[in-house]
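# Survey of secondary and tertiary structure
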Amino acid sequence: MLPDLGPWRESADFRRMWVAGLITNFGSFLTFVALPVQIKDLTGSAAAVGAIGAVQLVPLVVFGLYGGAFADAWDKRKLIVWTEAGQGVLCAVLLLNVLLPSPAVWALYVVAALSSALSSVQRPALDALTPRIVRHELLPAAAALNSLRWQVGAVAGPALAGLVVAFAGLAWAYAIDLATFAVSVVLGLGLRPSPASHAAKKPSWAAIAEGARYAWSRKELLGTYAIDLAAMCLAMPLAVLPFLADELGAEWSLGLMYAAIPAGSLLVSLTSGWTSRVHRHGRLVVLAAAGWGLAIVAAGVAGNVWLVLLCLTVGGAFDMVSGIFRSAMWNQTIPDELRGRLAGIELLSYAVGPRLGQVRVGGMAAWLGVRTSVWSGGLLCAGAVALLALCLPKLMSYDVRTNEHAVRLREQRTAAAGSASTATA
C-alpha cells in the first residue's frame, strides 16, 4: 500500500524535478495567500479580490494551448527553467511593489495575469518531460508521487502562508517565494537536456489543431478530459464552503473544510502502491469520478459538520484515484511528439473546470440554497459520468496491457532504452 518509490530511486532527473516542485509549491502558496490579502488591504473591495481569477483565466486558456505546442517543439528543460526564472522575476516585482510607500494595485493584476501565462506554458513541459525520465511501467507511480508533492503543499502551504503574512508581513511572503524560485531554477539547470522529438512541429495554431484532432480520435482520452471537466464543473463546492460552515453553525470548521479535499487526496497518494498493479485504468477513472460526485452529494445532505468533513475527505480521495489513472493513461499512450499539446488540453480541463464550478455552485446557491447547490451538483456529476461511460465504451474497455497505443509506446521506449544501453556499452 505504501507509495512506489521506483521513479525516485531510478531517475535522478525525477528526484530533481520533484524536489524543485515541492519547494516552489510551498513558495507559491505564500503568494497565493499574500496577493489577495494585499488587494483587500489596498482596495477594501471583495470584487477587486475576485477579479484576480478573471485576469488569470484568459492567459490560462490561450497560453495553455500554445504552451503545449512549445513543449513539443522546444527543449523541455530550457522551457521549464526559463519559465521558472520568469516567475521569480514576477515575484521580485511584487516584492519591490509592496515596499513602495504607495503600492500600485494595477501591478498586482498584471503580475497575476503574467504568472498565469507562465504557469500555463510550463505545466505542459513538466507533464511531457515525465515520460522521458521515468520508466514506462513506473509512470502510474510517478503520477502518484507528483500528486503527493502537490498535496503536501496544498495542506501545509496555506497554513504556513497565513502565519507568514500575519506575523512577518507581505514583504517576507514575497521574499521567501522569490528564494524558492531561485532554488528551483538551480535544480532545473541540473536536468539533462530534453530536445524536441524529430517529428515535432513548430508552434502554431495548425499544430494545436493537430493535437486536438488526435485527442478527438482517441475516445478513451476524450473520456478522461470530459469526465474531469464534468467532475470539477458540476461538483466542486469550494465557493460555498464559508456559507455551508455558517449554516451548520460551525464557522470554526471553514479551514478544515478547505483542507479536507486535499487531505483525502494525500491519503491516497501515501497508500498508492497498489496503483501500479491496476491495468484497467479507464474503469477506475469512471468509478472514482462517480465516487467523487456521490461523496459531494453526501456532504450536501449531511447535517453534522464532522460528517461533512468526512465526506469531503472521501471525495478528495476519489478525486485523487481518478487523477492518478488519468495521468497514467496520458503518459503511457500519447506519442512523444504530441505529448505537450495534449498536456495543454489537459490543463484546460484541469484548470477551467474548477473555475466554472465556482460559478455553477455559487449561482445555484443563490437560487436554491447552499446545501441544495452542493448535493445537486454531486448528483449531476455522477449522472454525467455514467452517461459519458455509456457513450464512450473505449474508456471502460481500456487495458494498458492490450491497448494498441500503450503497446506501441511501450515497445518504442523499450527499443530506445536498448539502443541507449548498446551505445553506452
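Residues numbered from 1 in each chain as written. Predicted model: local features only at pLDDT ≥ 70, side-chain atom pairs only at ≥ 80, totals over all residues. Heavy atoms only, no water.

So, on to a nonpolar patch on the surface. On the surface, Val 58, Val 62, Phe 63 and Trp 205 cluster together into a nonpolar patch covering about 390 Å² of accessible area. Sorting elements by how many residues they give to the nonpolar patch places helix α3 (residues 46–73) first, with three residues. (Patch = residues over 30% accessible without salt bridge, like charges linked within 9 Å, V, L, I, M, F, W, Y side chains within 5 Å. Areas by Shrake-Rupley, 256 points an atom, 1.4 Å probe, with all protein chains shown as cover. Salt bridge = Lys/Arg side-chain N within 4 Å of Asp/Glu carboxyl O. Helix = DSSP H or I, 4+ residues; strand = E, 2+ residues; numbered from the N terminus.)

For the structure on display, the rule yields one cavity of 30 Å³ or more. Ile 227, Asp 228, Ala 231, Ala 288, Ala 289, Trp 292, Phe 318, Asp 319, Ser 322 and Arg 326 together form the lining of the largest cavity. Elements with a contribution of two residues or more to the lining of the largest cavity: α9 (219–235), α12 (281–301) and α13 (305–333). Among the elements that make up the lining of the largest cavity, the one with the highest residue count is α13 (four residues). Residues belonging to the lining of the largest cavity are distributed by class as follows: six nonpolar, one polar and three charged. (1 Å grid on protein atoms, 1.4 Å probe; cavity = no way out; pocket = protein on both sides within 12 Å on 5 of 7 lines; lining within 4 Å. Points joined across faces, edges and corners; volume = space filled by probe spheres on them. Nonpolar A, V, L, I, M, F, W, Y, C, P; charged D, E, K, R; others polar.)

The next thing to look at is the packing of α9 against α13. At a closest axis distance of 10 Å, the pairing of α9 and α13 adopts a crossing angle of 155°. In terms of axis orientation, α9 runs roughly antiparallel to α13. Note that α9 runs across α13; the crossing there is left-handed. Here Glu 220, Leu 221, Thr 224, Tyr 225, Asp 228 and Met 232 of α9 lie close against α13, whose contacting residues are Asp 319, Arg 326, Met 329, Trp 330 and Thr 333. Residue classes in the contact of α9 with α13 are distributed as five nonpolar, two polar and four charged. (Axes fitted to C-alpha atoms, helices over the stretch in contact; angles between N-to-C directions. Parallel < 35°, antiparallel > 145°, perpendicular 65-115°, else oblique. Left-handed = near helix turned anticlockwise from the far one by under 90°. Contact = heavy atoms within 4.5 Å.)

With that settled, the discussion passes to helix α4 (residues 76–98). Helix length check: α4 (23 residues) gives 33 Å between terminal C-alpha atoms against 33 Å at 1.5 Å per residue, within 8%. With a side-chain oxygen positioned 2.9 Å from the backbone nitrogen of Arg 77, the residue opening α4 is Asp 75. (Expected span 1.5 Å × (residues − 1). Polar contact = N/O pair within 3.5 Å; in protein donor to acceptor, adjacent residues only side chain to side chain.)

Let us look at the pattern of salt bridges. Per the counting criterion, the structure on display carries eight salt bridges. Residue Asp 127 pairs with Arg 123 through a salt bridge whose shortest N-O separation is 3.1 Å. In this pair, Asp 127 and Arg 123 are both assigned in helix α5 (residues 105–133), four residues apart and thus about one turn of the helix distant. A salt bridge links Asp 399 to Arg 401; the shortest N-O distance between them is 2.8 Å. Here Arg 401 falls in the partly exposed class, since its relative accessible area comes to 46%. Overlapping salt bridges, with partners in common, bring together Asp 13, Arg 16 and Arg 192 in one network. (Buried < 20%, exposed > 50% of the residue type's maximum accessible area, 1.4 Å probe, protein only.)

It is worth spelling out the side chain of Arg 360 at this point. Along the chain, the position of Arg 360 falls in helix α14 (residues 339–368). A polar contact is formed between the side chain of Arg 360 and the backbone oxygen of Ser 373, at a distance of 2.9 Å. Those residues in contact with Arg 360 that sit more than four places away from it in its chain are Cys 233, Leu 234, Ala 235, Ser 373, Ser 376 and Gly 377.

Moving on, we get to the packing of aromatic side chains. Applying the stated rule across the entire model yields three aromatic pairs. On the numbers, 5.3 Å between centres and 90° between planes, the contact of Trp 8 with Trp 18 is edge-to-face. Of this pair, Trp 8 sits in helix α1 (residues 6–10) while Trp 18 sits in helix α2 (residues 12–43), and the two are 10 residues apart along the sequence. For Trp 8, a relative accessible area of 30% puts it in the partly exposed group. The buried category is assigned to Trp 18, whose relative accessible area is 15%. Relative to Trp 330, the ring of Tyr 225 lies with its centre 5.6 Å away and its plane at 20°, an arrangement referred to as stacked. Residue Tyr 225 is found in helix α9, and its partner Trp 330 is found in helix α13; the two are separated by 105 residues along the sequence. (Phe/Tyr/Trp six-rings, centres within 6.5 Å; stacked < 30°, edge-to-face > 60°.)

Keep in mind these values describe shape, not function.
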